[in-house]
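Topology and contacts: notes
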Amino acid sequence: METRGMKKWRPFATIPEQYIGLQEIINKQTAVAQPVLTEEQMEQINFTLIEALHTNKQVYLTYYKKGQCITETGFIQFVDSLGNLFIFIDDVFELKNKMRLSELIDVRLA
(Lines give C-alpha, C1' and ligand atoms only; values in the text may rest on other atoms or scores of the structure.)
Protein backbone atom coordinates (compact mmCIF):
# COMPACT_ATOMS: atom_id res chain seq x y z
CA MET A 1 0.00 0.00 0.00
CA GLU A 2 1.30 3.44 -0.93
CA THR A 3 1.70 5.70 2.15
CA ARG A 4 4.19 8.18 0.77
CA GLY A 5 2.64 11.58 0.02
CA MET A 6 -0.78 10.63 1.37
CA LYS A 7 -2.54 13.38 3.24
CA LYS A 8 -4.80 12.65 6.10
CA TRP A 9 -8.27 13.66 5.00
CA ARG A 10 -9.81 16.18 7.41
CA PRO A 11 -13.37 16.83 6.35
CA PHE A 12 -14.35 18.72 9.52
CA ALA A 13 -11.36 21.02 9.81
CA THR A 14 -13.40 24.11 8.92
CA ILE A 15 -16.43 23.41 11.11
CA PRO A 16 -15.48 25.80 13.95
CA GLU A 17 -14.96 28.70 11.53
CA GLN A 18 -18.21 27.89 9.74
CA TYR A 19 -20.01 27.60 13.07
CA ILE A 20 -18.76 31.02 14.17
CA GLY A 21 -19.87 32.49 10.85
CA LEU A 22 -23.30 30.86 11.16
CA GLN A 23 -23.64 32.09 14.74
CA GLU A 24 -22.96 35.65 13.59
CA ILE A 25 -25.60 35.32 10.86
CA ILE A 26 -28.13 33.92 13.35
CA ASN A 27 -27.37 36.74 15.81
CA LYS A 28 -27.86 39.34 13.09
CA GLN A 29 -31.17 37.77 12.03
CA THR A 30 -32.52 37.81 15.59
CA ALA A 31 -31.31 41.37 16.21
CA VAL A 32 -34.02 43.98 16.47
CA ALA A 33 -33.88 47.74 16.11
CA GLN A 34 -34.12 49.73 19.32
CA PRO A 35 -37.75 50.72 19.89
CA VAL A 36 -38.33 54.47 19.77
CA LEU A 37 -40.22 55.71 22.80
CA THR A 38 -42.63 58.62 22.90
CA GLU A 39 -42.07 61.54 25.27
CA GLU A 40 -44.94 60.20 27.40
CA GLN A 41 -43.37 56.72 27.64
CA MET A 42 -40.01 58.25 28.65
CA GLU A 43 -41.71 60.34 31.34
CA GLN A 44 -43.53 57.26 32.64
CA ILE A 45 -40.25 55.30 32.80
CA ASN A 46 -38.58 58.15 34.69
CA PHE A 47 -41.52 58.39 37.11
CA THR A 48 -41.49 54.62 37.75
CA LEU A 49 -37.70 54.61 38.28
CA ILE A 50 -37.93 57.40 40.86
CA GLU A 51 -40.90 55.73 42.59
CA ALA A 52 -38.99 52.42 42.74
CA LEU A 53 -35.93 54.24 44.09
CA HIS A 54 -37.84 55.96 46.91
CA THR A 55 -40.02 52.98 47.88
CA ASN A 56 -37.23 50.41 47.36
CA LYS A 57 -39.65 48.30 45.33
CA GLN A 58 -38.42 45.64 42.96
CA VAL A 59 -38.76 46.40 39.24
CA TYR A 60 -38.89 44.56 35.93
CA LEU A 61 -36.45 46.44 33.77
CA THR A 62 -36.38 46.02 29.99
CA TYR A 63 -33.44 47.53 28.15
CA TYR A 64 -31.87 47.41 24.71
CA LYS A 65 -28.36 46.05 24.22
CA LYS A 66 -26.61 44.94 21.01
CA GLY A 67 -29.78 44.21 19.06
CA GLN A 68 -31.58 42.43 21.91
CA CYS A 69 -34.31 43.45 24.32
CA ILE A 70 -33.37 42.13 27.75
CA THR A 71 -35.58 41.99 30.84
CA GLU A 72 -34.17 41.68 34.35
CA THR A 73 -35.53 42.09 37.85
CA GLY A 74 -33.86 44.03 40.60
CA PHE A 75 -33.72 47.30 42.47
CA ILE A 76 -32.97 50.88 41.47
CA GLN A 77 -30.20 52.39 43.59
CA PHE A 78 -29.62 55.75 41.91
CA VAL A 79 -31.25 57.90 39.22
CA ASP A 80 -29.70 60.92 37.49
CA SER A 81 -32.20 62.14 34.91
CA LEU A 82 -30.02 65.04 33.74
CA GLY A 83 -26.93 62.86 33.38
CA ASN A 84 -28.94 60.13 31.59
CA LEU A 85 -27.77 57.53 34.13
CA PHE A 86 -29.17 55.14 36.68
CA ILE A 87 -27.78 52.34 38.80
CA PHE A 88 -29.61 49.02 38.90
CA ILE A 89 -28.80 46.11 41.21
CA ASP A 90 -29.85 42.86 39.56
CA ASP A 91 -31.47 40.06 41.56
CA VAL A 92 -29.36 37.22 40.23
CA PHE A 93 -25.80 38.34 40.94
CA GLU A 94 -26.57 41.41 43.05
CA LEU A 95 -24.22 43.37 40.82
CA LYS A 96 -24.40 47.11 40.35
CA ASN A 97 -25.09 47.97 36.72
CA LYS A 98 -24.59 51.55 35.63
CA MET A 99 -26.86 52.10 32.65
CA ARG A 100 -28.09 54.88 30.42
CA LEU A 101 -31.71 55.96 30.66
CA SER A 102 -31.73 56.02 26.85
CA GLU A 103 -31.22 52.23 26.78
CA LEU A 104 -34.44 51.63 28.70
CA ILE A 105 -37.52 50.37 26.90
CA ASP A 106 -39.78 49.67 29.85
CA VAL A 107 -39.83 49.69 33.65
CA ARG A 108 -42.60 48.14 35.74
CA LEU A 109 -42.96 47.71 39.48
CA ALA A 110 -42.81 44.02 40.36
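The sections below set out a description of the structure shown in this document. Throughout, a residue's number is its position along its own chain's written sequence, starting from 1. Only residues with pLDDT of at least 70 are given local features in this predicted model, and only at 80 or more are side-chain atom pairs given and counted; all residues enter the totals for whole chains, interfaces and linings. With hydrogens and water stripped out, all remaining heavy atoms of the structure feed into the side-chain values.

Things to note about unusual backbone geometry
- In the Ramachandran plot, Lys-66 falls in the positive-phi region, its phi being about 50° despite a non-glycine side chain.
- Only DSSP runs of H or I reaching four residues or more are called helices, and only runs of E reaching two or more are called strands; each is numbered from the N terminus. In this fold, Lys-66 is placed in the loop between strand E1 (59-65) and strand E2 (68-80).
- Buried residues are those whose accessible area, probed at 1.4 Å on protein chains only, stays under 20% of the maximum for their type, while exposed residues exceed 50% and partly exposed ones sit between those limits. Assessed through its relative accessible area of 75%, Lys-66 is described here as exposed.
- Despite not being glycine, Glu-94 shows a phi value in the positive range, around 55°.

What to know about the sheet that holds strand E3 (residues 85-90)
- Criterion used throughout: strands pair if DSSP finds at least two bridges between them. Read from one edge of the open sheet, five strands run E4-E3-E2-E1-E5, paired in antiparallel fashion. If you trace the sheet from one side to the other, it starts and ends with strand E4 (96-100) and strand E5 (104-109), each paired once. With direction set aside, neighbouring strand axes in the sheet form an average angle of 45°.
- Strand direction decides the pairing type here: E1 and E5, joined by five bridges, are antiparallel. Looking at the pairing, Tyr-63 lines up with Leu-104 of E5.
- In the packing of helix H2 (residues 39-55) onto the sheet, the strands contacted are E1, E2, E3 and E5, and the crossing angle to E5 comes to about 45°. Here, axes are lines fitted to C-alpha atoms. For helices the fit covers the stretch in contact, and angles between N-to-C directions go from 0 to 180 degrees. Here, two residues are considered to be in contact whenever any of their heavy atoms come within 4.5 Å of each other.

Points about the side chain of Asp-90
- With respect to the helices and strands, Asp-90 occurs in strand E3.
- The buried charged residue Asp-90 lacks any salt bridge, with Lys-65 as its nearest oppositely charged partner at 10 Å.
- Side-chain atoms alone can form a polar contact between residues adjacent in sequence; in general such a contact is a pair of N or O atoms within 3.5 Å, and within protein one must be able to donate a hydrogen while the other accepts it. There is a polar contact of 3.1 Å between the side chain of Asp-90 and the backbone nitrogen of Val-92.
- A polar contact is formed between the side chain of Asp-90 and the side chain of Asn-97, at a distance of 3.3 Å.
- If we skip the residues at most four places from it in the chain, Asp-90 touches Glu-72, Thr-73, Gly-74, Leu-95 and Asn-97. Counting rule applied: Lys, Arg positive; Asp, Glu negative; His and chain ends not counted. Salt bridge criterion: a side-chain nitrogen from Lys or Arg within 4 Å of a carboxyl oxygen from Asp or Glu.

Here's the deal with the pairing of E3
- Pairing geometry for E2 and E3, over six bridges, is antiparallel. Note that in E3 the partner of Phe-78 across the bridge is Ile-87.
- Once E2 ends, the chain turns through four residues before running back antiparallel as E3, passing Asn-84 with a positive phi of about 60°.
- Note that E3 and E4 share five bridges and pair antiparallel. Bridge pairing in E4 links Ile-87 to Lys-98.
- Here E3 folds back onto E4, and the loop between the two strands holds five residues, one of which, Glu-94, carries a positive phi near 55°.

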